Amino acid sequence: MPTRALNNPASATAGIPFSPGRTRSKRRPRSRRRTTLTRPAGLALGISVLWFSLLVMIPLALLLISSVEDGWSTFWDTLTNVQTAHAIRLTLVSALAATAVNLVMGLLIAWVLVRDRFPGRWLIELMIDIPFALPSLVAGLVLLSLYGPESPLGINVLGTPASVFLALLFVTLPFVVRTVQPVLGELDRDVERAAHSLGASRATTVRRIILPALTPALAAGATLCFARGVGEFGALVILSGNRPNISEGAPMRIQSYIEVDNTAAAATVAVLLLATALTATLLVEVLTSQERHR
Amino acid sequence: MGIEIHHVRKTFGSFTALEDIRLSVPSGGLTALLGPSGSGKTTLLRILGGQEEPDAGSVYLAGRDVTRLPAQQRNIGFVFQHYAAFTHMTVAKNVAFGLEVRKTPKAQVRRRVQELLELVQLERFGDRLPAQLSGGQRQRMALARALAVDPSVLLLDEPFGALDAKVRKELRDWLRQLHEEVHVTSVFVTHDQEEALEVADTVVVMNQGRIEQVGTPEEIYDHPASDFVFGFIGEVTRFGELRLRPHDVEVTLDPESGSHPGRITRLTRIGFEVRLEVVLDSDPGSLGGAHPPVNVQLSRTESQALDLQQWDAIWVRPRAAAGGREVEVLRVGAGR
Ligand SMILES: Nc1ncnc2c1ncn2[C@@H]1O[C@H](COP(=O)(O)OP(=O)(O)OP(=O)(O)O)[C@@H](O)[C@H]1O
Ligand SMILES: [Mg+2]
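Here the structure is a predicted model, which is why all the values come from computation and not from measurement.

**Considerations on the overall build of chain B**
Part 1: Within chain B, the secondary structure is distributed over nine helices and 18 strands.
Part 2: Once the C-alpha set of chain B is aligned to its principal axes, its extents read approximately 75 × 45 × 35 Å.
Part 3: In chain B, which comprises 336 residues, the share counted as buried stands at 51%.
Part 4: For chain B, the proportion of contacts with a sequence separation of at least 24, taken over those separated by at least 6, is 66%.
Part 5: Of the roughly 14900 Å² that chain B leaves accessible, carbon and sulfur atoms contribute 48%.
Part 6: Taking the average place of the 39 positive charges on the side chains of chain B and the average place of its 45 negative ones, the gap between the two points comes to 8 Å.

Next up, the structure:
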């Protein structure tokens, strides 16, 4: 009887490809060899670590040190300084808001680019990267022409808190689009057809099948968006007018601390921005990997 | 009730993918759509599944006109060549999907999923992700998922196409057994004639967007309705102006009426079967041009009885109504 072969547990498990999922590696027995490093691989790892240290780790460590070199009280005073606290809050809130809007708009644009064929598609495809490719000072100027004092639309955001949000929205536009687009393009259309044939409406299919498949890409895009938003400087310089307690963003505070030679305070703000961006990245990573293995 | 297809036509731009398709599939049957690549099998199956709309004609599933009904409302099960698994869901969740969409009570979903996993022999794999299954197991999961909603019709597009030969054969037998248990009206697409003849109880042969013939595997094989079916379904060899199956060529050592002299240029034994390549001394027909060697298929017993060896001079002729069965021959280029 042919079913016997399928029933046999040995043959049933034999062909299972090992999946390198995160949860799986945890279950791997610890007693086995801990590394898979061969000699060339070890060398490559050594070079990578050295490179990474010189470029990233050591400067970061020095930054951390200089943020507290005048003592913890300076660190704390800097962060509780009214003007600085306002700038940090404005930057974080604007970056979060821009990320949220970009998640929706980016997904929408990616969807249109991948799924629809229409005249002028190539133009949009080309334009998406402009905010990213432009020097951000130029980006500020571009925005100023449409949303500045001479706005043909009569919308002037110059010097308002909204200018920060707008500037971040502009410079972070490509991230979600560009991370989601390839994944969406690779999605097997049969999977959607399968969901439809099982009775799922379009909305249900999007919610239960497509979005979960896009979650890692969306998360990656959002992280990039947020990190870039927190650090944006050039566009803000032009558009926000740097009005203390109104439209001044955190990177400007770093700039002005450096101008008055207060390195410790500058480093403090920098460390906070850095920590926020890192935390966001980690959080997203943890959340999406849980989602994937639920 | 089954499936009724009336005068269905489908074009893509200026290309006609399906031309005036008329077909009636009995309920509870296992029907194969067989044809070469590009013959329109998938297009027809998609029209049945509501993934493609015909330009003209109508489709009835279980007596209901579904021509303009979206896939969601057709109550069909669809199985895809490349599994179309919901990769972020466990096997059990995959199977449960259709039931959950239908808002079935949780306890009932759990029971039904368990039942189906047992049916497809994946009861121990419910907690795995599809990526942790082999191809054959993945396709069985897809089958369970499709069957979960008690579809009135099960549609399968080259369900074994992505599997290797051995698993394919296993799964093929298994599908037939499953069909005997479940008895849902099923249509599967294949371009493998052996698969169609072995698994299906009705075979629909398609070519260039048309149906060439509908029949049981025996009818299709023994009485092909067209030159195309004849050539597509099994091996064909030429004898003068005739085309016939290699096993319908009779070999004798002495001349008989209608036989023709030739020489065995190759003799191959494959298990219990012996294949000969015979070069005729002259063309038995009047088509002109070089006559290709005649291929002959014999049982080993037959071959031994005649003591055939390579380079032997022999006589061949089309077998006449052997074993009470009409030998099917077609004129070369006779068309439909
Ligand atoms: N969306 C489409 N747009 C344009 N042409 C199409 C489309 N879908 C199918 N066709 C054409 O219709 C014809 C029939 O396609 P179909 O997929 O039905 O063939 P098939 O019999 O399933 O072949 P295969 O065995 O290769 O899967 C092909 O020539 C194909 O190029
Ligand atoms: Mg096909």
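**Here's the deal with the overall build of chain A**
Part 1: For chain A, the helix and strand inventory stands at 16 helices and zero strands.
Part 2: Total accessible area on chain A stands at roughly 16600 Å², and carbon and sulfur atoms take up 68% of it.

**What about the UniProt feature "domain: ABC transmembrane type-1" (unreviewed entry) in chain A?**
Part 1: Within this numbering scheme, the UniProt entry marks residues 88-284 of chain A as carrying the feature "domain: ABC transmembrane type-1" (unreviewed entry).
Part 2: Secondary structure over residues 88-284 of chain A splits into 78% helix and 0% strand, and the C-alpha atoms at its two ends are 21 Å apart.

**Regarding the environment of B:Asp20**
Residue and element names in this part refer to chain B.
Part 1: By secondary structure assignment, the location of Asp20 is in strand S2 (residues 15-25).
Part 2: What makes Asp20 partly exposed here is its relative accessible area of 34%.
Part 3: Residues Asp20 and Asp150 lie 130 residues apart in sequence; the distance between their C-alpha atoms is 30 Å.
Part 4: Apart from residues lying up to four places away in sequence, Asp20 is in contact with His7, Val8 and Arg9.

**Overview of the packing of aromatic side chains**
Part 1: Tallied over the full model, the rule gives five aromatic pairs over all chains.
Part 2: Measuring from centroid to centroid gives 5.3 Å for A:Trp72 and A:Phe75, while their planes differ by 70°, and the two rings are edge-to-face. Placement of both A:Trp72 and A:Phe75 in helix H5 (residues 72-80) is noted, with a separation of three residues, approximately one turn of the helix.
Part 3: Taking NZ or CZ as reference, B:Arg145 lies 4.3 Å from the ring centre of B:Phe86, over its face.

**Side note on the side chain of B:Asn207**
Residue and element names in this part refer to chain B.
Part 1: For Asn207, the location among the structural elements is in strand S9 (residues 202-207).
Part 2: Taking the relative accessible area as the measure of exposure, Asn207 reaches 13% and is therefore buried.
Part 3: With residues near it in sequence (within four places) discarded, Asn207 still touches Pro36, Ser39, Glu212 and Phe228.

**What about the UniProt feature "domain: ABC transporter" (unreviewed entry) in chain B?**
Part 1: In the numbering used here, UniProt assigns the feature "domain: ABC transporter" (unreviewed entry) to residues 3-233 of chain B.
Part 2: Between the end C-alpha atoms of residues 3-233 of chain B there is a gap of 24 Å, over a span that is 37% helix and 26% strand.

**Observations regarding unusual backbone geometry**
Leaving glycine aside, a negative phi is the common case for residues, and trans is the common case for peptide bonds.
Residues and elements named next belong to chain B.
Part 1: One non-glycine residue, Gln208, lies in positive phi territory at about 45°.
Part 2: Within the secondary structure, Gln208 is located in the loop between S9 and strand S10 (210-215).
Part 3: What makes Gln208 exposed here is its relative accessible area of 64%.
Part 4: Residue Trp311 is not a glycine yet carries a positive backbone phi of 75°.

**Side note on the site of ligand 1**
Residue and element names in this part refer to chain B.
Part 1: The environment of ligand 1 is formed by 13 residues, the closest being Ser37, Gly38, Lys41, Thr42 and Thr43.
Part 2: Within the side chain of Ser37, an N or O atom sits 2.5 Å from an oxygen atom of ligand 1.
Part 3: Here an oxygen atom of ligand 1 and a backbone polar atom of Gly38 are 2.8 Å apart.
Part 4: When ligand 1 sits alone it has 630 Å² of accessible area, and the protein chains cover 60% of it.
Part 5: When contributions to the shell around ligand 1 are tallied by element, the ones reaching two or more residues are S2 and helix H1 (41-49).
Part 6: Top contributing element to the shell around ligand 1 by residue count: H1, with three residues.

**Quick notes on the nonpolar core**
Part 1: Within the largest apolar cluster, 44 residues are counted, with the highest numbers of intra-cluster contacts made by B:Val95, B:Leu143 and B:Leu154.
Part 2: When residues in this core are grouped by element, the largest group, six residues, is from helix H4 (residues 135-147) of chain B.
Part 3: Excluding residues within four positions of it along the chain, B:Leu154 makes contact with B:Gly77, B:Val79, B:Leu143, B:Ala146, B:Leu147, B:Val184, B:Thr185, B:Ser186 and B:Val187.
Part 4: Counting 37 residues, the second-largest nonpolar core is a separate cluster that includes A:Ala195, B:Ala84, B:Val153 and B:Leu155.

**A word on the UniProt feature "transmembrane region" (unreviewed entry) in chain A**
Residue and element names in this part refer to chain A.
Part 1: When the UniProt feature table is mapped onto this chain numbering, "transmembrane region" (unreviewed entry) sits at residues 41-68, 88-114, 126-147, 153-177, 209-230 and 264-287.
Part 2: End-to-end, the C-alpha atoms of residues 209-230 are 32 Å apart, and along that stretch the chain is 100% helix and 0% strand.
Part 3: For residues 264-287, the helix share is 100%, the strand share is 0%, and the end-to-end C-alpha distance is 34 Å.

**Observations regarding the packing of helix H12 (residues 189-197) of chain A against helix H13 (residues 202-231) of chain A**
Residue and element names in this part refer to chain A.
Part 1: For the pair H12 and H13, the least separation of the axes is 10 Å and the interaxial angle reads 125°. Considering the angle they form, H12 stands oblique to H13. Crossing handedness for the pair H12 and H13: right-handed. For the pair formed by H12 and H13, the contact residues are Val191, Glu192, Ala195 and His196 on the first element and Arg202, Thr205, Ile209 and Ile210 on the second.

**Regarding the environment of A:Ser48**
Residue and element names in this part refer to chain A.
Part 1: Relative to the helices and strands, Ser48 is located in helix H4 (residues 39-67).
Part 2: Between the C-alpha atoms of Ser48 and Glu192, which are 144 residues apart in sequence, the distance is 42 Å.
Part 3: Here Ala44 takes part through its backbone oxygen, which lies 2.7 Å from a polar atom of the side chain of Ser48.

**Considerations on the domain arrangement of chain B**
Part 1: The domains assigned to chain B are domain 1 (3-229) and domain 2 (237-335).
Part 2: The centre of domain 1 of chain B, based on its C-alpha atoms, is set 40 Å off from the matching centre of domain 2 of chain B.

**Thoughts on the packing of helix H6 (residues 82-115) of chain A against helix H15 (residues 250-259) of chain A**
Residues and elements named next belong to chain A.
Part 1: Between H6 and H15, the shortest axis-to-axis distance is 7 Å and the interhelical angle comes to 145°. Each of Gln83, Thr84, Ala87, Ile88 and Thr91 in H6 lies in contact with H15, whose residues at this interface are Ala250, Pro251, Arg253 and Tyr257.
Part 2: Partitioned by chemical class, the residues of the contact of H6 with H15 number five nonpolar, three polar and one charged.

**Observations regarding the sheet that holds strand S16 (residues 294-299) of chain B**
All names here are of chain B.
Part 1: With antiparallel pairing, five strands are arranged side by side in an open sheet as S13-S17-S14-S15-S16. In this open sheet, the two strands that pair with only one neighbour each are strand S13 (249-252) and S16. Across the sheet, the mean angle separating the axes of adjacent strands is 45° when strand polarity is ignored.
Part 2: Relative to S16, strand S15 (residues 273-280) runs antiparallel, the two being bridged by six bridges. Residue pairing for S16: Val278 is matched across the bridge by Val294.

**Some thoughts on the pairing of strand S1 (residues 3-12) of chain B**
Residues and elements named next belong to chain B.
Part 1: By the bridge criterion, five bridges tie S1 to strand S4 (residues 56-61) in an arrangement that is antiparallel. Within S4, the residue paired with His6 across the bridge is Ser58.
Part 2: Pairing geometry for S1 and S2, over seven bridges, is antiparallel. The partner of Ile3 across the bridge, within S2, is Val25.
Part 3: Between S1 and S2, which pair antiparallel and follow one another directly, the connecting turn spans two residues, one of which, Gly13, has a positive phi of 65°.

Criteria and cut-off values
- Residues numbered from 1 in each chain as written.
- Chains lettered and ligands numbered in written order.
- Predicted model: local features only at pLDDT ≥ 70, side-chain atom pairs only at ≥ 80, totals over all residues.
- Heavy atoms only, no water.
- Helix = DSSP H or I, 4+ residues; strand = E, 2+ residues; numbered from the N terminus.
- Buried < 20%, exposed > 50% of the residue type's maximum accessible area, 1.4 Å probe, protein only.
- Contact = heavy atoms within 4.5 Å.
- Areas by Shrake-Rupley, 256 points an atom, 1.4 Å probe, with all protein chains shown as cover.
- Lys, Arg positive; Asp, Glu negative; His and termini not counted.
- Charge placed at Lys NZ, Arg CZ, Asp CG, Glu CD.
- UniProt positions renumbered as here; feature names shortened; annotations may be inferred.
- Phe/Tyr/Trp six-rings, centres within 6.5 Å; stacked < 30°, edge-to-face > 60°.
- Lys NZ or Arg CZ within 6 Å of the ring centre and 35° of its normal.
- Near = heavy atom within 4 Å.
- Polar contact = N/O pair within 3.5 Å; in protein donor to acceptor, adjacent residues only side chain to side chain.
- Core = buried A, V, L, I, M, F, W, Y, C linked by side-chain atoms within 4.5 Å.
- Axes fitted to C-alpha atoms, helices over the stretch in contact; angles between N-to-C directions.
- Parallel < 35°, antiparallel > 145°, perpendicular 65-115°, else oblique.
- Left-handed = near helix turned anticlockwise from the far one by under 90°.
- Domains from an automatic or database assignment.
- Nonpolar A, V, L, I, M, F, W, Y, C, P; charged D, E, K, R; others polar.
- Pairing = 2+ DSSP bridges.

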